[in-house]
Amino acid sequence: MDYPSARADSLELFVRRRVNLSGKARHVYAALRWMEAGKSGFCRPVFAGYRTIADESAIDVTSVKSALQELQASGLCEVTIGRPIKSERQATSIRRRTLDEIKTHFTEGDDDAHRLATELSARDFRFSGKVIKPCWTVARTGRVCSSRPNFQGLAAPDRRAGLAAGLSRGECLVHADVRQAEPTVIKHLLRIPLERDLYQEYMDAVACSRVDAKRAINTLAYCKNTLACFTHWPPQARTMLADYVNQLSEYKAMLFAESRKSRSVTTFTGRSIFAEKGARLHPGIPMNWRVQGTVADIVNATCLRLLDSVRIVLPVHDAVYVVIPREKAEIVKALLSERAREVGLTIQVQAESLHAG
């Protein structure tokens, strides 16, 4: 097999310069090149067990899973962990993305998400009393995410405490989030009144927590077959929410049919989200992209508008954390609402602030 060493060199040079990886992840990534050369081919899937990966990478086998998860989160690799593949019960599938794919995934675009990732990559963050420089990438939906540390993956109290630790007198930490962000977008798509609380209806029917209700409602929106999933709901919930579920299923089917030819969907801002080459789609995927993509567009545009007047701005899914002068704290909530109105959405924003001592 003729391995393209020059292309592999270019890929590794880009990764070394642009992506901040831990030592264990960097060892695994380097080893994948030689595993490709001997087994599958350049940026083709490699199938191997944890022990093999550890031996090739010269790291401890207990570190393999976290290293692979880091490579996946950073956008460098596609990883399938924990599925039996071929004849190896513990085999894992890993495919390094090509340089073109990484540039698309990373910070080479010209939309708000990539501009925000580029701006944040150039900034230092003060977190838990230390100055750090996170690595920022853009997810398929347009969410801007960090690694080292993964701010979005931290527990909310830890994230808040880390950001608040660097507050100076006269500053405050503002946390503003869009309440029921994704259901709000879905209700707009289905022409359902904004005041209808789908979570509360499920809670009333089943007598469960809001967390459980949120999980059930959001799963229906993004699963492969909404009606099949709905049949497993408790009878009371099926009665209470049957009209919503039927509307949702019809809309997903329509959107999926529209997206199959172009393999893309558009958000409320008109931004297109394209499927990766060869990726299989099901009705929940275009719905996820349109809904989460729209929320990401609102958050990203808000963050970009704040950059010139704040010391720290951090997007976290449907929320924004900002370290800002106290007298400007109200601007965060106002900008989120304003951006939503610009794309035709009415949203409810909840904001809280923490002042320095």
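Before reading further, recall that the structure is shown in the block above.
About the thresholds
- Residues numbered from 1 in each chain as written.
- Predicted model: local features only at pLDDT ≥ 70, side-chain atom pairs only at ≥ 80, totals over all residues.
- Heavy atoms only, no water.
- Phe/Tyr/Trp six-rings, centres within 6.5 Å; stacked < 30°, edge-to-face > 60°.
- Helix = DSSP H or I, 4+ residues; strand = E, 2+ residues; numbered from the N terminus.
- Patch = residues over 30% accessible without salt bridge, like charges linked within 9 Å, V, L, I, M, F, W, Y side chains within 5 Å.
- Areas by Shrake-Rupley, 256 points an atom, 1.4 Å probe, with all protein chains shown as cover.
- Salt bridge = Lys/Arg side-chain N within 4 Å of Asp/Glu carboxyl O.
- Lys, Arg positive; Asp, Glu negative; His and termini not counted.
- Charge placed at Lys NZ, Arg CZ, Asp CG, Glu CD.
- Expected span 1.5 Å × (residues − 1).
- Buried < 20%, exposed > 50% of the residue type's maximum accessible area, 1.4 Å probe, protein only.
- Pairing = 2+ DSSP bridges.
- Axes fitted to C-alpha atoms, helices over the stretch in contact; angles between N-to-C directions.

Asks: Where do I start with the packing of aromatic side chains in this structure?
Replies: Each aromatic ring pair is described using two quantities: the centre-to-centre distance and the angle formed by the ring planes. Summed over all chains, the structure comprises 7 aromatic pairs. Taking 4.8 Å as the distance between ring centres and 80° as the angle between the ring planes, the aromatic pair formed by tyrosine 202 and tryptophan 233 counts as edge-to-face. Of this pair, tyrosine 202 sits in helix 9 (residues 198-206) while tryptophan 233 is found in the loop between helix 11 (226-230) and helix 12 (235-262), placing the two residues 31 residues apart along the sequence. Through successive ring pairs, a cluster of aromatic residues spans Phe125, Phe127, Trp136 and Phe151.

Asks: Before we go on, may I ask you to explain a positive patch on the surface in this structure?
Replies: On the surface, Arg16, Arg17, Arg26 and Arg148 cluster together into a patch of positive charge. Along the chain, the position of arginine 17 falls in helix 1 (residues 5-18).

Asks: Hey, could you run me through helix 13 (residues 284-306) in this one?
Replies: An α-helical turn contains 3.6 residues, so any two residues separated by three or four positions project in the same direction. In a regular helix each residue adds 1.5 Å, so 23 residues correspond to 33 Å; helix 13 covers 33 Å between its end C-alpha atoms and thus fits that length. The buried fraction of helix 13 is high, at 21 of 23 residues.

Asks: Help me out: how do you make sense of the sheet that holds strand 8 (residues 171-178) in this one?
Replies: Note on sheets: strands pair through backbone hydrogen bonds, and any given pair is parallel or antiparallel. The 4 strands are arranged 11-12-8-13 in an open sheet whose pairing can be described as antiparallel. Either end of the sheet is taken by a strand with one partner, and the two such strands are strand 11 (312-316) and strand 13 (349-355). Each strand of the sheet is rotated relative to its neighbour by a mean of 15°, with strand direction disregarded. In this sheet, strand 13 lies alongside strand 8 in antiparallel orientation, the contact comprising 7 bridges. Bridge pairing in strand 13 links aspartate 177 to glutamine 350.

In short, the description is geometric, and any link to function would need to be established separately.
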